[in-house]
Amino acid sequence: MRVALIATPIWAMKTPPLTTAYLSGWLKKHGHDVLQLDWNIELFHHAPLALKDYWDRTHLHKWQDADAYRDEIAPRIIEPTLSTYVDRVLAHRPDVVGISAYSIEATRHMARALKARAPNTVIVVGGQVCDPGFYGYGLAWSGSIDVVVHGEGEGPLLDIVQRVADGRRDFSDIKGLLVPQGPGAAEDTGLRPPLADLDSLAWPDFDGLPM
């Protein structure tokens with residue numbers, strides 16, 4: 001299966017995204033073809049000097065608030081180059097796209113753009129902000145996101161990819177997910193125990209990242 005993994009802003013500018021790197025190594029270990037995009041660092045380097053301050057954590061709220069994102073972030077930072085990143089992701093012909101969410105608004109924006117171009121691609125979102133008590137339900141209600149993973153990502157993501165490989169799109173029996181059930185509704189499939197055997201995990205994979 002072809003999978004694309006995207007790290008969203010805003011995150012560190014001096015270290016690669018371990019979230020996607022660990023998931024990439026894990027999926028490759030199980031025989032899947034993975035593309036990684038560090039959207040965060042590429043946006044940062046592309047942004048004019050006057051806009052790089054938006055990566056300071058004091059501006060995090062502007063990446064999370066719908067109005068501030070729409071008025072300040074989207075037109076100045078995201079929209080000028082969004083189509084080029086969507087082109088790169090879709091050139092991989094992914095069956096599943098996993099988005100590691102930091103900015104919930106940038107995550108929604110990317111998911112909408114991908115779905116508009118490739119409506120049959122399964123969009124999976126995960127990350128610490130995806131907890132059901134945080135932004136998880138809001139992401140699940142977005143309309144363009146097929147599955148939200150809460151908790152450790154390796155097990156649920158591999159199950160999702162393998163389910164799609166089998167030609168199935170029902171994820172309701174996979175633990176650790178919020179599964180959208182129409183506007184304003186989502187099913188929490190319950191907590192998933194962490195992987196007990198740490199030796200079974202793969203080393204993080206930095207292939208394709210702009211190191």
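Heads up: these notes are all about the structure in this document.

## A closer look at the overall build of the chain
(1) Moving on: Helix and strand counts for the chain stand at eight helices and seven strands.
(2) Moving on: Computed over the C-alpha atoms, the radius of gyration of the chain is 16 Å, within 12% of the 17 Å expected from 2.2 N^0.38 for a compact globule of 211 residues.
(3) Moving on: Along the first, second and third principal axes, the C-alpha atoms of the chain reach 45 × 40 × 30 Å.
(4) Moving on: The proportion of buried residues among the 211 residues of the chain is 51%.
(5) Moving on: Within the structure as shown, the chain displays about 10,000 Å² of accessible surface, and the carbon and sulfur contribution to it stands at 54%.
(6) Moving on: Separation of charge centres in the chain, based on 20 positive and 27 negative side chains, amounts to 4 Å.

## Overview of helix 2 (residues 39-46)
(1) Moving on: Buried residues dominate helix 2, accounting for six of its eight residues.
(2) Moving on: Along helix 2, the positions that sit buried rather than exposed are Trp39, Asn40, Ile41, Glu42, Leu43 and Phe44.
(3) Moving on: The inward-facing, buried residues of helix 2 abut strand 1 (2-7), strand 2 (33-38), helix 4 (66-78), helix 5 (82-91) and helix 6 (104-117).

## Points about a nonpolar patch on the surface
(1) Moving on: Taken together, the side chains of Leu18, Tyr22, Phe206 and Met211 define a hydrophobic patch exposed on the protein surface, amounting to about 410 Å² of accessible area.
(2) Moving on: Within the secondary structure layout, Met211 lies in the segment after strand 7 (186-188).

## Some points on unusual backbone geometry
(1) Moving on: A cis geometry characterises the amide bond from Pro9 onward to Ile10, with omega recorded as -10 degrees.
(2) Moving on: You can see Ile10 is positioned in the loop between strand 1 and helix 1 (18-29).
(3) Moving on: With phi around 55 degrees, Arg93 is a residue other than glycine that occupies positive phi space.
(4) Moving on: Looking at where Arg93 falls in the secondary structure, it is placed in the loop between helix 5 and strand 3 (96-100).
(5) Moving on: Judged by relative accessible area, which is 55%, Arg93 ranks as exposed.

## Examining the sheet that holds strand 4 (residues 122-126)
(1) Moving on: The strand order across the open sheet formed by seven strands is 2-1-3-4-5-6-7, and the pairing between neighbours is mixed. Each of the sheet's edge strands pairs with one partner strand only, and the pair in question is strand 2 and strand 7. Taking the axes of each pair of neighbouring strands and ignoring which way they run, one obtains an average angle of 20 degrees across the sheet.
(2) Moving on: Sheet topology note: the strand 5 (residues 147-149)/strand 6 (residues 177-180) ladder contains two bridges and is antiparallel. For Val148, the partnering residue across the bridge sits in strand 6 and is Leu178.

## Examining the nonpolar core
(1) Moving on: Counting residues in hydrophobic clusters, the biggest one holds 42 residues, and the most contacted among them are Trp39, Trp63 and Leu114.
(2) Moving on: Those elements giving two or more residues to this core turn out to be strand 1, helix 2, helix 4, helix 5, strand 3, helix 6, strand 4 and helix 7 (136-140).
(3) Moving on: Broken down by element, this core gets its largest block of residues, six residues, from helix 6.
(4) Moving on: Setting aside its immediate chain neighbours within four residues, Trp63 contacts Pro9, Ile10, Tyr54, Trp55, Tyr69, Ile73, Ile77, Ile78, Ser103, Ile104, Glu105 and Ala106.
(5) Moving on: The next biggest cluster of nonpolar side chains, apart from the first, holds 20 residues, and it includes Val3, Val34, Leu158 and Val164.

## Some details on the pairing of strand 6
(1) Moving on: Here strand 6 runs beside strand 7; their pairing, made up of three bridges, is antiparallel. When the sheet's bridge partners are listed, Val179 is paired in strand 7 with Glu187.
(2) Moving on: Between strand 6 and strand 7, which follow one another and run antiparallel, lie five residues, and Gly182 among them has a positive phi close to 105 degrees.

Rules used in this analysis
Residues numbered from 1 in each chain as written. Predicted model: local features only at pLDDT ≥ 70, side-chain atom pairs only at ≥ 80, totals over all residues. Heavy atoms only, no water. Helix = DSSP H or I, 4+ residues; strand = E, 2+ residues; numbered from the N terminus. Rg over C-alpha atoms; globule rule 2.2 N^0.38 Å. Buried < 20%, exposed > 50% of the residue type's maximum accessible area, 1.4 Å probe, protein only. Areas by Shrake-Rupley, 256 points an atom, 1.4 Å probe, with all protein chains shown as cover. Lys, Arg positive; Asp, Glu negative; His and termini not counted. Charge placed at Lys NZ, Arg CZ, Asp CG, Glu CD. Contact = heavy atoms within 4.5 Å. Patch = residues over 30% accessible without salt bridge, like charges linked within 9 Å, V, L, I, M, F, W, Y side chains within 5 Å. Salt bridge = Lys/Arg side-chain N within 4 Å of Asp/Glu carboxyl O. Pairing = 2+ DSSP bridges. Axes fitted to C-alpha atoms, helices over the stretch in contact; angles between N-to-C directions. Core = buried A, V, L, I, M, F, W, Y, C linked by side-chain atoms within 4.5 Å.

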